[in-house]
Amino acid sequence: MQPATEADVELARIPPGPQAGAKPVTATAVVALSPQQKAAIIVRLLSSEGMRLPLAELSEDQQTELTAQIGAMKLVDRDTLHAVVAEFCEALEAVGLTFPNGLDGALSLLDGQLSSAATSRLRRLALASTGADPWERILGLSTETLLPVMTEESVEVAAVLLSKLAVPKAAELLGRLPGERARRIAYAVSLTGNVAPETVQRIGVALAQQLDSVPARAFDTGAVERVGAILNQSAAATREDVLIGLEEEDQDFAEKVRKAIFTFTNIPQRIDTRDVPRILRNVDQPQLIVALAGATGEDEKAAEFILANLSQRMAASLREEMGSLGKLRAKDVEAAMAAVVGVIREMEAAGELNLLAEDDAPDPVQS
């Protein structure tokens with residue numbers, strides 16, 4: 001830290017008293033300063049160095065007390081200033097470990113390590129404690145979690161939530177609402193200028209309690225996705241038999257499951273022709289050759305789609321190797337096709353590939 005200038009020294013003040021023109025406090029009197037006075041000196045010094053301190057994180061009472069103390073200080077001499085700074089630095093160096101402030105901070109520290117039930121209970125306790133800010137948690141939630149609030153709560157509450165969010169997330173949420181609802185909420189935002197901070201706090205508490213009262217889900221994905229993922233890895237005969245049974249029980253559910261399923265047969269409808277070479281670079285070539293050579297029926301169309309969207313040289317090389325294979329077992333062919341599908345799914349999950357909607361399927365193009 002650079003030595004304070006004479007102007008810096010004169011900016012800090014000792015507590016006022018009836019005596020006018022009191023002498024500056026000396027270094028020997030630093031022990032007589034209260035913790036509040038020492039804090040005022042440190043804050044004033046750091047502010048004079050151009051630092052912006054996160055004072056808003058203090059409670060309102062602490063902010064008020066600190067501001068009043070700074071306003072009540074008189075002159076402090078250079079030696080006293082150095083003594084207070086030295087004491088402050090020694091206190092910082094002596095700190096070995098800090099803990100978060102309150103339940104809210106503890107929950108943030110242990111995020112992802114506690115059970116859903118325990119987390120939900122502790123969040124309710126944190127909201128009931130004094131000083132807890134519900135908006136800190138709400139603003140960190142995903143748009144998927146906040147979307148029901150925007151659609152189900154009153155327009156006024158939705159407008160307050162939208163006003164508190166960061167602009168990109170607010171824009172994303174607004175864009176996912178029906179036009180009429182979005183327009184009403186956007187107009188309501190223009191009326192939030194006179195909303196009292198206490199009202200915003202109460203709305204935040206109510207929303208946080210509502211969001212934390214949602215029962216914990218035993219599964220991360222929905223039933224359609226889980227059944228679809230299981231059938232993706234099942235044998236073709238088993239998959240079709242299960243789907244027929246589902247259609248007899250619940251045709252709507254069966255239709256959703258069919259859409260969630262992605263098999264070797266679906267490659268022409270769901271894969272962009274430009275992505276075929278990228279996908280095959282990640283597929284073990286012996287498995288690819290088995291999958292292509294053993295394809296029959298609808299699967300054969302998928303094999304031809306793959307070959308048609310490779311360079312002529314590569315396609316010819318693969319066809320030559322396919323022709324050298326003898327009779328293939330159906331079990332081996334299904335395993336090879338599953339390996340190709342597995343690579344596609346992994347690339348999609350990693351964000352390296354986007355599957356097309358079936359209506360957007362491109363026509364095969366010879367490269």
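Residues numbered from 1 in each chain as written. Predicted model: local features only at pLDDT ≥ 70, side-chain atom pairs only at ≥ 80, totals over all residues. Heavy atoms only, no water.

(A) Expanded view of the overall build of the protein. Broken down by element type, the protein carries 21 helices and 0 strands. Going through the 367 residues of the protein one by one, you find that 33% of them count as buried. Put simply, the protein shows about 23000 Å² of open surface, and 54% of that area lies on carbon and sulfur atoms. (Helix = DSSP H or I, 4+ residues; strand = E, 2+ residues; numbered from the N terminus. Buried < 20%, exposed > 50% of the residue type's maximum accessible area, 1.4 Å probe, protein only. Areas by Shrake-Rupley, 256 points an atom, 1.4 Å probe, with all protein chains shown as cover.)

(B) Just the packing of helix α13 (residues 223-232) against helix α15 (residues 251-260), in detail. The interhelical angle for the contact between α13 and α15, taken along N-to-C directions, is 55°, at an axis separation of 8 Å. Considering their axes alone, α13 and α15 lie oblique with respect to each other. In this structure, α13 crosses over α15, and the sense of that crossing is right-handed. Residue-level inspection shows Ala-223, Val-224, Val-227, Gly-228, Leu-231 and Asn-232 of α13 in contact with α15, the latter providing Phe-253, Lys-256, Val-257 and Ala-260. (Axes fitted to C-alpha atoms, helices over the stretch in contact; angles between N-to-C directions. Parallel < 35°, antiparallel > 145°, perpendicular 65-115°, else oblique. Left-handed = near helix turned anticlockwise from the far one by under 90°. Contact = heavy atoms within 4.5 Å.)

(C) Structural context of the pattern of salt bridges. One pass over the full model with this rule turns up 12 salt bridges. Note that Arg-274 and Asp-272 form a salt bridge whose closest N and O atoms lie 2.9 Å from each other. The exposed category is assigned to Arg-274, whose relative accessible area is 66%. Residues Glu-304 and Arg-319 are paired through a salt bridge, measuring 3.1 Å at the closest nitrogen-oxygen approach. (Salt bridge = Lys/Arg side-chain N within 4 Å of Asp/Glu carboxyl O.)

(D) The arrangement of helix α18 (residues 285-293) in detail. Along α18, the residues that are buried comprise Leu-288, Ile-289, Val-290, Ala-291 and Leu-292. Tucked into the core, α18 has its buried residues touching α17 (276-280), α19 (298-308), α20 (312-323) and α21 (330-349).

(E) Structural context of the packing of helix α2 (residues 35-48) against helix α3 (residues 60-72). Remark: α2 packs on α3, axes separated minimally by 9 Å, with the N-to-C direction vectors making an angle of 80°. Comparing the axis directions of α2 and α3 gives the class roughly perpendicular. Judged by residue contacts, Gln-36, Gln-37, Ala-39, Ala-40 and Val-43 of α2 engage Glu-65, Leu-66, Gln-69 and Ile-70 from α3. Tallied by class, residues from the contact of α2 with α3 come to 5 nonpolar, 3 polar and 1 charged. (Nonpolar A, V, L, I, M, F, W, Y, C, P; charged D, E, K, R; others polar.)

(F) How the structure looks around the nonpolar core. One finds Phe-264, Ile-267, Ile-271, Leu-292 and Ile-344 to be the most contacted residues of the largest nonpolar core, which totals 33 residues. Every element with two or more residues in this core is listed here: α17, α18, α19, α20 and α21. At 8 residues, α21 tops the list of elements feeding residues into this core. Once you skip the residues sitting within four places of it in the chain, Ile-344 turns out to touch Phe-262, Ile-267, Ile-271, Ile-279, Leu-353 and Leu-355. Counting residues in hydrophobic clusters, the runner-up holds 26 residues, among them Leu-147, Val-157, Leu-162 and Ile-185. (Core = buried A, V, L, I, M, F, W, Y, C linked by side-chain atoms within 4.5 Å.)

(G) How the structure looks around a negative patch on the surface. Negative charge collects at one region of the surface, where Glu-60, Asp-61, Glu-65 and Glu-198 lie side by side. Per element, the largest residue contribution to the negative patch is 3 residues, and it comes from α3. Mapped onto the elements of the fold, Asp-61 is located in helix α3. For Asp-61, a relative accessible area of 64% gives the class exposed. (Patch = residues over 30% accessible without salt bridge, like charges linked within 9 Å, V, L, I, M, F, W, Y side chains within 5 Å. Lys, Arg positive; Asp, Glu negative; His and termini not counted. Charge placed at Lys NZ, Arg CZ, Asp CG, Glu CD.)

(H) The arrangement of the confidence of the model for the protein in detail. Of all residues in the protein, 77% attain a pLDDT of 70 or more, and the chain-wide mean is 80. Overall, residues 1-27 carries pLDDT values under 50, and its contacts beyond four positions in sequence, including any with other chains, amount to 51 contacts. (pLDDT = per-residue confidence, 0-100.)

(I) Quick peek at the environment of Leu-81. Inspection of the secondary structure assignment puts Leu-81 in helix α4 (residues 78-94). Leu-81 gets classed as buried once you look at its relative accessible area, which sits at 6%. Spatially, the C-alpha atoms of Leu-81 and Ile-41 are 7.5 Å apart, while their sequence positions differ by 40 residues.

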